[in-house]
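Summary of structural features
Here are the chains, one letter per residue:
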Amino acid sequence: MTVQHQYPLQSLNTFGIKAHAEYFSSFSSKEELIELLGKTQKPLTILGGGSNILLTQDYQGTVLKLSLRGKHILKEQDGFTLVEVAGGENWHDFVLWSISKNLGGIENMSLIPGNVGTAPIQNIGAYGVEQKDSFVSLTAVEVESGQVHHFTNEACKFGYRDSVFKRHLKGKFIITHVIYKLTN
C-alpha cells in the first residue's frame, strides 16, 4: 500500500478522460483504509468503478481507490440467504453471482454500473425493485476519525434514489461491506 504522486486516472474512469491525481493509493481492507485516512492529503475523494465521475482536470488532493473484494454467504435458511459483499465488488458481477447461486431479489438490477459500496448511497433500483428491498446492513469507516460504524436499513433512511449518505452524511463515510438478504 503505497501512496503514488501524479497518478494517471485515465484507465480508472469509464469516460477514459486523461487526468492525474496529485496523490493516489488503493486499499483492499478496512485496516488499509484506516491507515490511509490517517496520512492522506486533503481534499480526498473515493473512487469506485469510475462510472459516476467526470474528470475535467487533474485532481489536486488524494484519490483512494476502493479495491475491497469478496462475496461470502453468512447464513442459509429456508427461504433466504444472507450474503456479505465487499464494497469494491462490481454491482453487475454481484447480480450475476447471485443468479448463479440461485439467489433472488436483485436480478432486476443487472447492468447497473458501479460497485456494491456505492449502491446504498444512491439506493439503486430498476423495474420496481430497489437495493433497499434486499438490504440488511452495511459497514462503513468514518473519514474524519477512522472509526468503523454499522448502519441498519432503517438508519440509512432510504428513499427514491436517496439515502442518508447523500444528505447529512455525504462524504463522511466510506462503505466497505454490505449485507443483503436474498431469496433461495
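Quick summary incoming for the structure in this document. Small disclaimer: the values here were computed from a predicted structure and weren't measured.

Rules used throughout
- Residues numbered from 1 in each chain as written.
- Predicted model: local features only at pLDDT ≥ 70, side-chain atom pairs only at ≥ 80, totals over all residues.
- Heavy atoms only, no water.
- Pairing = 2+ DSSP bridges.
- Helix = DSSP H or I, 4+ residues; strand = E, 2+ residues; numbered from the N terminus.
- Axes fitted to C-alpha atoms, helices over the stretch in contact; angles between N-to-C directions.
- Contact = heavy atoms within 4.5 Å.
- Salt bridge = Lys/Arg side-chain N within 4 Å of Asp/Glu carboxyl O.
- Buried < 20%, exposed > 50% of the residue type's maximum accessible area, 1.4 Å probe, protein only.
- Phe/Tyr/Trp six-rings, centres within 6.5 Å; stacked < 30°, edge-to-face > 60°.

Paired through their backbone hydrogen bonds, the strands of a sheet run either parallel or antiparallel. One open sheet holds the four strands; their spatial order is β1-β2-β4-β3, and the pairing between them is mixed. The open sheet has two free edges, formed respectively by β1 (4–8) and β3 (44–47), since each of these has just one partner strand. Geometrically, the sheet is characterised by an average inter-axis angle of 45 degrees between neighbouring strands, direction not taken into account. Lying over the sheet, helix α1 (residues 30–37) contacts β2 (20–27), β3 and β4 (59–66), oriented at roughly 145 degrees with respect to β2.

Now for the environment of Glu84. Note that Glu84 resides in strand β6 (residues 80–86). Each C-alpha atom of the pair Glu84 and Ile179 lies 4.3 Å from the other, and the pair is 95 residues apart in sequence.

Moving on: the pattern of salt bridges. Under the criterion given, the structure shown has five salt bridges. Linking Glu35 and Lys39 is a salt bridge whose minimum nitrogen-to-oxygen distance equals 3.6 Å. Residue Lys39 is classed as partly exposed on the basis of its relative accessible area, which comes to 45%. Between Glu89 and Lys71 there is a salt bridge, with its nearest N and O atoms 3.2 Å apart. Of this pair, Glu89 sits in the loop between β6 and α2 (91–100) while Lys71 is found in strand β5 (residues 71–77), placing the two residues 18 residues apart along the sequence. Its relative accessible area of 10% is what places Glu89 among the buried residues. Lys71 gets classed as partly exposed once you look at its relative accessible area, which sits at 24%. Salt bridges linked by common partners bring Glu130, Lys132 and Arg161 together as one network.

Here we take up the pairing of β4. Across the eight residues that make up β4, a large majority, six, are buried. Note that β3 and β4 share four bridges and pair parallel. Among the inter-strand pairings, Ile46 is bridged to a residue of β4, identified as Leu64.

Now for the packing of aromatic side chains. Taken as a whole and judged by the stated rule, the model has 10 aromatic pairs. Aromatic side chains Phe135 and Tyr180 sit 6.1 Å apart centroid to centroid with 80 degrees between the ring planes, which places their arrangement in the edge-to-face category. Residue Phe135 is located in strand β9 (residues 135–142), and its partner Tyr180 is located in strand β11 (residues 173–183); the two are separated by 45 residues in the primary sequence. By relative accessible area, which is 5% here, Phe135 ends up buried. Note on Tyr180: relative accessible area 0%, which makes it buried. Geometrically, the ring pair formed by Phe151 and Phe173 is edge-to-face, given 5.1 Å between the ring centres and 85 degrees between the ring planes. Of this pair, Phe151 sits in strand β10 (residues 148–152) while Phe173 sits in strand β11, and the two are 22 residues apart along the sequence. For the pair formed by Phe151 and Phe173, the shared burial category is buried. An aromatic cluster of three or more residues is present, and its members are Trp91, Phe94, Trp97, Phe135, Phe158 and Tyr180.

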